[in-house]
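Structure at a glance
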Amino acid sequence: MEPMLCPSCKTNRTRFHFIEQHPKAVKLNPQTGEIEQEYTNESLEPFHLPYRGPSYRVQCGTCGLIEDAEMFIQHAKASQMR
């Protein structure tokens, strides 16, 4: 883990929520929105790409901003250089 700083409120360095992401690949009915089929990474159809996003995101415990962890880490690094 690395130091973090919220890029929005610019004061919070200590209070964060780590939000784990558990993607589920599905095919929806276009008219009803109901799930027609669930996929595993091994059974995806040709036009259904596997999830490539982060395994977790971070929420600032002060202002509520939700971003990738790298955004908070880079903001902390930039503030140390000033």
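Going by the structure above, here's the rest.
Fair warning: this is a prediction, and the values are worked out from it, not measured in the lab. (Residues numbered from 1 in each chain as written. Predicted model: local features only at pLDDT ≥ 70, side-chain atom pairs only at ≥ 80, totals over all residues. Heavy atoms only, no water.)

Moving on, we come to the packing of aromatic side chains. Enumeration according to the criterion identifies two aromatic pairs in this entry. Between the aromatic rings of F16 and F72, the centroid separation amounts to 5.5 Å while the plane-to-plane angle is 80°, which identifies the pairing as edge-to-face. Of this pair, F16 sits in strand β1 (residues 16-20) while F72 sits in helix α1 (residues 69-81), placing them 56 residues apart in sequence. Taking 5.4 Å as the distance between ring centres and 45° as the angle between the ring planes, the aromatic pair formed by F18 and Y56 counts as tilted. With F18 in strand β1 and Y56 in strand β4 (residues 56-60), this pair connects stretches of sequence that are 38 residues apart. Using a relative accessible area of 26% as the deciding quantity, one classes Y56 as partly exposed. (Phe/Tyr/Trp six-rings, centres within 6.5 Å; stacked < 30°, edge-to-face > 60°. Helix = DSSP H or I, 4+ residues; strand = E, 2+ residues; numbered from the N terminus. Buried < 20%, exposed > 50% of the residue type's maximum accessible area, 1.4 Å probe, protein only.)

This part is about the sheet that holds β4. Reading across from one edge, β1-β4-β5 is the order of the three strands in this open sheet, with antiparallel pairing throughout. Both outer strands of the open sheet, β1 and β5 (66-67), are each paired with one neighbouring strand and no more. (Pairing = 2+ DSSP bridges.)

On to the state of the cysteines, then. All chains considered together, the criterion is met by zero disulfides. Here C60 stays free of any disulfide, with the sulfur of C6 as its closest cysteine sulfur at 3.7 Å. Overall, the relative accessible area of 2% leaves C60 in the buried class. (Disulfide = S-S within 2.5 Å.)

If you check the backbone angles, K10 has positive phi at about 60° while not being a glycine. Relative accessible area serves as the criterion here: at 53%, K10 is assigned to the exposed category.

Take the side chain of N29 next. Here N29 shows up in the loop between β2 (25-28) and β3 (35-39). N29 sits in the buried class, given a relative accessible area of 19%. A polar atom in the side chain of N29 sits 3.0 Å from the backbone nitrogen of T32. In terms of polar contacts, N29 uses its side chain to reach the side chain of E36, at 3.0 Å. For N29, the residues in contact, after removing those within four places along its chain, are E34 and E36. (Polar contact = N/O pair within 3.5 Å; in protein donor to acceptor, adjacent residues only side chain to side chain. Contact = heavy atoms within 4.5 Å.)

This brings us to the pattern of salt bridges. Going through the model one piece at a time under the given rule, you end up with three salt bridges. Across the salt bridge formed by E2 and K77, the nearest N and O atoms sit 3.4 Å from each other. In this pair, E2 sits in the segment before β1 while K77 sits in helix α1, placing the two residues 75 residues apart along the sequence. With a relative accessible area of 39%, E2 lands in the partly exposed category. (Salt bridge = Lys/Arg side-chain N within 4 Å of Asp/Glu carboxyl O.)

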